[in-house]
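# Working through the structure, step by step
Below, each chain spelled out in residue letters.
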Amino acid sequence: MDAFAGVVTGAGGNVGVAVCRRLGKRGANVIAVDVSEEAAARGAQACIAAGGTAEAMVADVTQEASVMAYAQRAVSLWGQAAFFFNNAGIEGSEAPLLSYPADAWDRALAVNLRGVFLGLKAMAGPLRHADVARIVNTASVAGLCATPMLAAYGASKHAVIGLTKTAAVEFAPFGISVNALCPGPIESDMMRRIEAGVSHGEAEAAHRAYEQNVPMHRYATLDEVADLAVYLLLDAPIYLTGQAIALDGGMSAV
Ligand SMILES: NC(=O)c1ccc[n+]([C@@H]2O[C@H](COP(=O)([O-])OP(=O)(O)OC[C@H]3O[C@@H](n4cnc5c(N)ncnc54)[C@H](O)[C@@H]3O)[C@@H](O)[C@H]2O)c1
């Protein structure tokens, strides 16, 4: 097996593509998972264009059979996996808690928490066959701080950090590290949607307000997020486990 082979979920999103590209630069083999064919292909293509090997796979992370299928594909390709970027997520609706729609709550929790949980269950098998293996669950600074107007998102990301800690302890005997990556706002389509959703047509003002909330007065770049994600997926000491690692310009330190 290639030293670096593994699975990326949400591979066609902004973070997924940036991470697939960086994994490709490292010559990694990737199964690029996303909910649509087009998105999965985008992740795979980013990896291949950068020099890696990849195949696209369509899977809905909320569906156990789909999740088992991508883990099974890793086994049939490589017999094992060295990394798992458990990254697919959605922002949910933007609304005050008192009027937050219950169906939007259910959907955000399904993708952001059930999806991460099912991924951990399914990928533990292929990962434990590798000598050293690393999991990164994408949480958020929203898992560390309050998230006005984004109750489901914040609750789901707090839960991902809790689940990360449990997985780190339970998977430690298998030689698998499990960490939660917690970016602050990133220059990304997701933030553009959130800015529009919270602001009633004043997206630019919302952008500035979010920036002011960050001690460094700017969002993270996708390159910064991909750098840290790939370090945690391929290079970090295996002894680093169970941590919520913030990349947030100081936001969670305040
Ligand atoms: N963008 C930010 O500012 C930011 C900040 C902190 C954390 N995050 C987290 O980073 C991760 C990636 O976010 P992004 O900015 O790339 O968002 P994005 O919307 O660009 O990408 C998310 C990807 O997940 C996929 N996806 C959604 N539902 C799915 C499902 N049921 N099954 C499979 N795939 C599904 C989407 O198709 C999309 O390609 C998310 O977990 C997000 O919460 C993002």
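Shown above is the structure to which this text applies.
Bear in mind the structure is a predicted one, so any value in this text is a computation, not a measurement. (Residues numbered from 1 in each chain as written. Predicted model: local features only at pLDDT ≥ 70, side-chain atom pairs only at ≥ 80, totals over all residues. Heavy atoms only, no water.)

## Describing helix α6 (residues 189-199)
To keep it simple, the criterion reads: Accessibility here uses a 1.4 Å probe with only protein chains present; expressed as a share of the type maximum, an area under 20% marks a residue as buried, one over 50% as exposed, and anything in between as partly exposed. A run of H or I in DSSP counts as a helix once it spans at least four residues, and a run of E counts as a strand once it spans at least two, with each numbered from the N terminus. As used here, the arc belongs to the directions running from the helix axis to the C-beta atoms. It only takes one pair of heavy atoms within 4.5 Å for two residues to be counted as in contact.
Considered for burial, the residues of α6 that qualify are Met191, Ile194, Glu195, Val198 and Ser199. Burial along α6 is one-sided: seen end-on, the buried residues are contained in an arc of 110°. Contacts made by the buried residues of α6 are with α7 (203-212). Directly after α6, the chain includes His200, whose backbone phi takes a positive value near 50°.

## Some points on the site of the ligand
Definition in use: For this description, a residue counts as near a given molecule or strand if any of its non-hydrogen atoms is within 4 Å of it. Polar contact is the term for a pair of N or O atoms within 3.5 Å; when the atoms are in protein, one must be able to donate a hydrogen and the other to accept it, and sequence-neighboring residues count only if both atoms are side-chain atoms. Where accessible areas are quoted, they stem from the Shrake-Rupley method and a 1.4 Å probe; at the residue level, only the protein chains shown are allowed to cover. Lys, Arg, Asp and Glu make up the charged group, whereas Ala, Val, Leu, Ile, Met, Phe, Trp, Tyr, Cys and Pro make up the nonpolar group; the residues left over, Gly among them, are polar.
In the vicinity of the ligand there are 29 residues, among which Val15, Asp34, Asn87, Tyr153 and Ser188 approach most closely. Within the side chain of Asp34, a nitrogen or oxygen atom sits 2.6 Å from an oxygen atom of the ligand. At 2.6 Å from an oxygen atom of the ligand is found a side-chain nitrogen or oxygen belonging to Tyr153. When the free accessible area of the ligand is taken as 830 Å², the share hidden by the protein chains comes to 92%. Grouping the constituent residues of the shell around the ligand by class yields 14 nonpolar, ten polar and five charged.

## So, the side chain of Glu195
In this structure, Glu195 sits in helix α6. Take Glu195: its relative accessible area is 3%, and that puts it in the buried class. Engagement of the side chain of Glu195 in a polar contact is seen with the side chain of His207, the distance being 2.8 Å. For Glu195, the residues in contact, after removing those within four places along its chain, are Ala203, Ala206, His207, Tyr210 and Tyr219.

## Examining the packing of α6 against α7
In a pair of packed helices, the angle between the axes and the distance between the axes together describe the arrangement. Counted only if it meets this: To get an axis, a line is fitted to the C-alpha atoms, and for a helix only the part in contact is used. The angle between two axes follows their N-to-C directions and goes from 0 to 180 degrees. Oblique is the label for any angle not under 35 degrees, not over 145, and not in the 65 to 115 range, which are roughly parallel, roughly antiparallel and roughly perpendicular in turn. Crossing handedness: left-handed means the near helix sits turned counterclockwise from the far one by under a right angle, and right-handed means the same turn made clockwise.
It is at 8 Å that the axes of α6 and α7 come closest, and there the two elements cross at 110°. What the angle tells us is that α6 and α7 run roughly perpendicular. Handedness of the crossing formed by α6 with α7: right-handed. Here Met191, Arg192, Ile194, Glu195, Ala196, Val198 and Ser199 of α6 come into contact with α7, specifically with Ala203, Ala206, His207 and Tyr210. Its residues assigned to classes, the contact of α6 with α7 shows seven nonpolar, two polar and two charged.

## A few points about the pattern of salt bridges
Keep this limit in mind: Salt-bridge detection follows one rule: a side-chain nitrogen of Lys or Arg within 4 Å of a carboxyl oxygen of Asp or Glu.
Applying the stated rule across the entire model yields eleven salt bridges. Notably, a salt bridge pairs Glu187 with Arg192, separated by 3.0 Å at the nearest N-O pair. Through salt bridges with shared partners, one network takes in Arg22, Asp223 and Asp227.

## Quick notes on the environment of Thr53
Along the chain, the position of Thr53 falls in strand β3 (residues 53-58). Setting aside anything within four residues of it in sequence, one finds Thr53 in contact with Ala28, Asn29, Val30, Cys47 and Ile48. A polar side-chain atom of Thr53 sits 3.2 Å from a polar atom in the side chain of Asn29.

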